[in-house]
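Chains, contacts and geometry: an overview
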Amino acid sequence: GPQFLLGRLAGGRVYSWRLQNCRTQLASEYELAPANAGAVAMSDDGYWVVIAITSAAERRLDVFSYASGEGPLLEPRRVFSMDRAPMCLAIQQVPGSSTSATIAM
């Protein structure tokens, strides 16, 4: 399957990159957070990303997924958001389910 990379840049911008199956070229780039990202985590298979957004105006936890019941999506979609800003995060796909993940905060 595809390989994913996750990067948190200066200013709290977060990007997700998807490599082609041969892993020699970038297939796509998506900005998941334009600014103010704190903690970020990606599941070991790369299909799930969780981001804590923290600023003076908001505190939010966003979950993005490349997973679907039909196979990997071409671009990530936000599947969950809540008012919370933890300092540490982890996310893991639920074994046996391509459409569920567990978050540890």
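Residues numbered from 1 in each chain as written. Predicted model: local features only at pLDDT ≥ 70, side-chain atom pairs only at ≥ 80, totals over all residues. Heavy atoms only, no water.

Focus on the pairing of strand β6 (residues 59-65)
This is how it is decided: When a residue's accessible area, from a 1.4 Å probe over protein chains only, is under 20% of the maximum for its type it is buried; when over 50% it is exposed; and in between it is partly exposed. Secondary structure elements are taken from DSSP: a helix is a run of H or I of four residues or more, a strand is a run of E of two residues or more, and numbering for both begins at the N terminus. When DSSP finds two or more bridges between two strands, those strands count as paired.
In terms of residue burial, β6 counts as a mostly covered element, since five of its seven residues are buried. Note: strand β5 (residues 48-54) against β6, seven bridges, orientation antiparallel. By the bridge assignment for β6, I53 is matched with R60. What sits between the antiparallel neighbours β5 and β6 is a turn of four residues. Summarising the sheet, β6 and strand β7 (residues 77-82) pair through five bridges and their orientation is antiparallel. The residue bridging D62 from the neighbouring strand is S81, located in β7.

Looking at the packing of aromatic side chains
Inclusion rule: In this scheme Phe, Tyr and Trp rings, the latter by its six-membered ring, pair at centre separations within 6.5 Å, and the angle between planes marks the pair as stacked below 30 degrees, edge-to-face above 60, and tilted otherwise.
Inspection of the entire model under this criterion finds three aromatic pairs. Among the aromatic residues, ring-to-ring pairing joins F4, Y47 and Y66 into one connected group.

Examining the sheet that holds strand β2 (residues 14-19)
Strand pairing in a sheet is mediated by backbone hydrogen bonds. Such pairs are either parallel or antiparallel. Let me state the cut-off plainly: Structural elements are reduced to axes, namely lines fitted to C-alpha atoms, with helices fitted over the stretch in contact, and the angle between N-to-C directions of any two is expressed from 0 to 180 degrees.
Strand order in this open sheet of three strands is β1-β2-β3, and the pairing throughout is antiparallel. Two strands close off the open sheet at either side, each with one partner strand: β1 (3-8) and β3 (26-33). For this sheet, the mean inter-axis angle between neighbouring strands, taken without regard to orientation, is 20°. Bridge count between β2 and β3: six bridges; the pairing is antiparallel. From the neighbouring strand, S16 faces β3, where its bridge partner is Y30.

Some points on the pattern of salt bridges
To keep things clear, this is the line we draw: What counts as a salt bridge is simple: a side-chain nitrogen of Lys or Arg found within 4 Å of a carboxyl oxygen of Asp or Glu.
Applying the stated criterion across every chain, the model contains four salt bridges. A single salt-bridge network, built from bridges that share partners, covers E58, R60, D62 and R78.

So, to be careful, I would describe these as geometric facts and stop short of saying anything about function.
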